[in-house]
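# Examining the three-dimensional arrangement
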Amino acid sequence: MRAMDTALLALQIGLLTLAFAAWAAADDDAPLDAERVEEIAQMLPEQPEGLGQPITDREAWQRLGETEAYQTVVERAEGLLGESLPEQPDDLYLDFSRTGNRTRWQRVASQRRGRLAPLVLAECVEDQGRFLPAIKELIGAICAERTWVMPAHDRSLANFNQERVDIDLASSALAWNMATASWLLANRLSEDTRRLIAENVERRVLTPFEDMFTGEREHNWWMHTTNNWNAVCLAGVTGAGLAQIDDRHRRAEFVAAAEKYSMNFLRGFTEDGYCSEGLGYWNYGYGNYVLLADTVWQATDGGLDLLAREQARQPALFGARIQIIGGVAPAFADCSINARPSNDTMWYLNRRFGMGLEEYDELPLSRTLGSLSSAMIFSFPNGATEGPQLEAADARPGIRTWFDEAGVLIGRPAEGGECRMGVALKGGHNAEHHNHNDVGSYVVVVEDRAVLLDPGSEVYTARTFSSRRYESKLLNSYGHPVPVVAGELQRTGREAAAQVLEAEFTDDRDRLVLDLAPAYEVPELQTLQRTFEYSRGADCSLTVTDRVEFAQPSEFEVPLLTDGDWLQRDEDTVVAWEVDRAVQVQISVEGADFAVEADEIHEDARAQPTRIAIRLTEPVRSATVTAIITPIEDLGGEEEGMLANGGFEHGSWAWSIPDDGIAQVSEEMAASGKRSLRITDESEEAGSSVTSARMPVDAPGSYVLSGQVYHVSGEGIGLYVRIYDEDGAMLNPRDERGYIDPVGSLSGEPGRWESFEYEFEIPENAAAMDLWIHSYNAAVVEAYVDELKIAPIADE
């Protein structure tokens, strides 16, 4: 970057703040302000510049080549040289139009386009030319595609049939990466290849965008939307333009357009910074806004800082404030139940805003190399390392985060207290971005696992974004822990909103009362109030109370949702658990008797939750249903040794058992008690993957794993003890393929129980371990395993 004197920088930032206020009120359809374009042009270099440093800067690339992250990239690129480029025929593109399936085309597209970053980065590290033929082949194949727009975004096939050229999430990102590849490799690419990139980026992205902001053609909808599309597409087209466009004035127009239209994205957040799309889309949308901001900041030598906008500050805090405890966030809206804030985005914002989040002080370089644009921002100096710190924003989570505009409360235990449970409580409305009909939903986290949850999103198909969206039991209210009223689910729309009746918060207790009645189109419904009371004290609990009144007797039910396992301990007590984290739910009902009935929800999704309904046995005019949720340590019973539930008498408690049919807790046979683990592996390509809860390690030394096995047929079940340090890094030695050795492999004569013992060593710096039971991928085996124990070997 060119040097800029501090006074000039301060002046430009001050002028910029005034300009932002004007842009926020600007008409989206109005032409770009000519004076603003000229101001930006003066900040830009004469020639186009991409991110990072070109391959000719050997000192910079040799330094990166010495890092483990880039050495791994070179190894990956070497592997790609031995793999043929996946074919992506027209028929595969048309698959979505015929079947509604998005996954098959997107999987192949990802495999093809995902090659670009490792191949280019590896060539930049080595500068020996050995990756150039593969890069040339890949670029040629990508440029030969009929369209860069995803099939799911081209329902009319106008782009496929080349009747028009739109810009979408995929085409804008691809254009940015292609232009960046050309900038990085410079004259190492042939003139023909560089021309091919330039022509395709221009035709498929730059010219269409220019025609939109100049009024030559209608705008794509995303220019005006307030969701993630706006930030992602603007980042792509602007990054591509800055890396490729020769004319400085034209480059300035792209930047000015990004400055103007990105205000729409920021308007999508509530004033308190809540992202109704969910954490996953905050990672994607705001993450791309960060990339856009840094790219523009670098291109203007610090003169234009899109993160300095007041409207950008509260959304920047969302990733930290939405977390409950243990890094877990609620899966509200279209979000994975495993979503976590993006490390690179959080690292960047933590530094720029001085958030004080120690867990984001360091950024593993390996996590930033998924695309060329991201790799170049985080591998070289950027706004987070070189720019001025913006107004300090302490985002360290306290005992609560109250998004009052959105009606969402995150309740956390006090630091150092006895409570191990945190909650997320949702009001909101049913016309949010990536909306689910979920007014009144909630999540309960014990330490680091969501035991009662909102199950998040499904795999996208044509149905997901159509008039049939709410046929999905994960997207309509059936798949959320909210009432069913007179047999009716929640309606969709902005009017289906929770009204906050009370919000009372103290150090010990948070109370939130919501009117849920507007979410239901039930004429006879007179009152429906849901009261959440979260205690973070010694009586750690969440009490959920639903009070309902009808004009005439009507049906009513309230569900609990879990993606783990559960049992009904007695008529008014339910226990649910996820691996080794559990809650007890004490149920009471006034106004009627009730029954507990379970239904497994099966949609194409990561979560296949169980819906545990508290159903009133007769229609009522009024009733009150109360569920008191408390964390519990275990399911009871004495355990020998370190391994919890090694006899599987408590079902899946303390075990992670995938729902793939290969492994399951069985009552067919047991060495002792009633249950054992049954493994039925009939595949030569996959194996079982059963994992125990992690066990703390108190001391290094010799340990023994013991148990019983009953083989029905075949052999090939490996027992692996995985050992971790205090940061969670695995300590086991790995072979050249990255595999670890088992402590033992089960064998024995079919038809009888046989005991086994395997000794293993725990090193000095170990903090935890777990047991992984894996039938080898080439093995075909059926067996039962029981009485598993792990214990230290006493010194003689």
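Residues numbered from 1 in each chain as written. Predicted model: local features only at pLDDT ≥ 70, side-chain atom pairs only at ≥ 80, totals over all residues. Heavy atoms only, no water.

## A few points about the confidence of the model for the protein chain
- With 96% of its residues at a pLDDT of at least 70, the protein chain reaches an overall mean of 93.
- For residues 1–26, every residue scores under 50 in pLDDT, and the model assigns this stretch 39 contacts once sequence neighbours within four places are set aside. (pLDDT = per-residue confidence, 0-100. Contact = heavy atoms within 4.5 Å.)

## Quick notes on helix H11 (residues 191–213)
- Its 23 residues give H11 an end-to-end C-alpha distance of 31 Å, which sits within 8% of 33 Å, the value for a rise of 1.5 Å per residue.
- At Glu202, H11 shows its strongest bend, of approximately 50 degrees.
- Each element contacted by the buried residues of H11 is listed here: helix H9 (132–143), helix H10 (169–185), helix H12 (228–244) and helix H13 (248–267).
- Among the residues trailing H11, Gly215 stands out with phi positive, at a value near 85 degrees. (Helix = DSSP H or I, 4+ residues; strand = E, 2+ residues; numbered from the N terminus. Expected span 1.5 Å × (residues − 1). Bend = angle between axes of the 7 residues up to and from the residue.)

## Quick word on the state of the cysteines
- This structure, assessed with the given rule, holds one disulfide.
- Paired through a disulfide, Cys419 and Cys540 show a sulfur-sulfur distance of 2.0 Å. Taking the sign of the S-S torsion, about 40 degrees here, the bridge from Cys419 to Cys540 comes out right-handed. On the criterion of sequence distance, the pair formed by Cys419 in the loop between strand E2 (408–411) and strand E3 (421–426) and Cys540 in the loop between strand E11 (525–535) and strand E12 (541–554) is long-range, its members being 121 residues apart.
- Residue Cys419 is classed as buried on the basis of its relative accessible area of 7%.
- The buried category is assigned to Cys540, whose relative accessible area is 8%. (Disulfide = S-S within 2.5 Å. Buried < 20%, exposed > 50% of the residue type's maximum accessible area, 1.4 Å probe, protein only.)

## Regarding the side chain of His774
- Tracing the backbone shows His774 in strand E29 (residues 768–775).
- Polar side-chain contacts of His774 include one of 3.4 Å to the side chain of Asn777.
- When neighbours within four sequence positions are excluded, His774 is seen to be in contact with Gly687, Ser688, Gly716, Ile717, Gly718 and Tyr720. (Polar contact = N/O pair within 3.5 Å; in protein donor to acceptor, adjacent residues only side chain to side chain.)

## Topic: the nonpolar core
- Core analysis: the largest hydrophobic core is formed by 138 residues, its most contacted members being Trp61, Met178, Phe209 and Tyr286.
- What Tyr286 contacts, discounting residues up to four positions off in sequence, is Phe265, Leu266, Phe269, Tyr281, Leu307, Ala312, Pro315, Ala316 and Leu349. (Core = buried A, V, L, I, M, F, W, Y, C linked by side-chain atoms within 4.5 Å.)

## Details of the pairing of E3
- Extensive coverage of E3 is indicated by the burial of six of its six residues.
- The two faces of E3 match: Met421, Val423 and Leu425 on one face and Gly422, Ala424 and Lys426 on the other face are all buried.
- Where E2 meets E3, four bridges bridge the pair, whose relative direction is antiparallel. Following the sheet pairing, Val408 is matched in E3 by Lys426.
- Two elements, E3 and strand E5 (residues 442–446), share five bridges in a ladder whose sense is antiparallel. What sits directly across from Gly422, in E5, is Val445. (Pairing = 2+ DSSP bridges.)

## Some points on the packing of H9 against H10
- One can describe the packing of H9 onto H10 by two numbers: an axis separation of 13 Å at closest approach and a directional angle of 145 degrees. Our pair here, H9 against H10, has a crossing hand that is left-handed. In this structure, H9 uses Leu132, Ile135, Ile139, Ile142 and Cys143 to contact H10, whose residues at the interface are Leu174, Met178 and Leu185.
- Here the contact of H9 with H10 is composed, by residue class, of eight nonpolar, no polar and no charged. (Axes fitted to C-alpha atoms, helices over the stretch in contact; angles between N-to-C directions. Left-handed = near helix turned anticlockwise from the far one by under 90°. Nonpolar A, V, L, I, M, F, W, Y, C, P; charged D, E, K, R; others polar.)

## Concerning a negative patch on the surface
- A grouping of Glu358, Glu359, Asp361 and Glu362 is seen on the molecular surface, where their side chains present a negatively charged patch.
- By relative accessible area, which is 51% here, Glu359 ends up exposed. (Patch = residues over 30% accessible without salt bridge, like charges linked within 9 Å, V, L, I, M, F, W, Y side chains within 5 Å. Areas by Shrake-Rupley, 256 points an atom, 1.4 Å probe, with all protein chains shown as cover. Salt bridge = Lys/Arg side-chain N within 4 Å of Asp/Glu carboxyl O. Lys, Arg positive; Asp, Glu negative; His and termini not counted. Charge placed at Lys NZ, Arg CZ, Asp CG, Glu CD.)

## Remarks on the sheet that holds strand E15 (residues 573–578)
- Pairing is antiparallel in the open sheet, where eight strands are placed in the order E9-E10-E11-E12-E19-E16-E15-E14. Of all the strands in the sheet, the pair left with one neighbour each is strand E9 (499–505) and strand E14 (565–570). Neighbour-to-neighbour, the strand axes of this sheet turn through a mean angle of 15 degrees, independent of strand direction.
- Both E11 and E12 contribute to a ladder of 10 bridges, which runs antiparallel. Bridge pairing links Phe532 to Val544 in E12.

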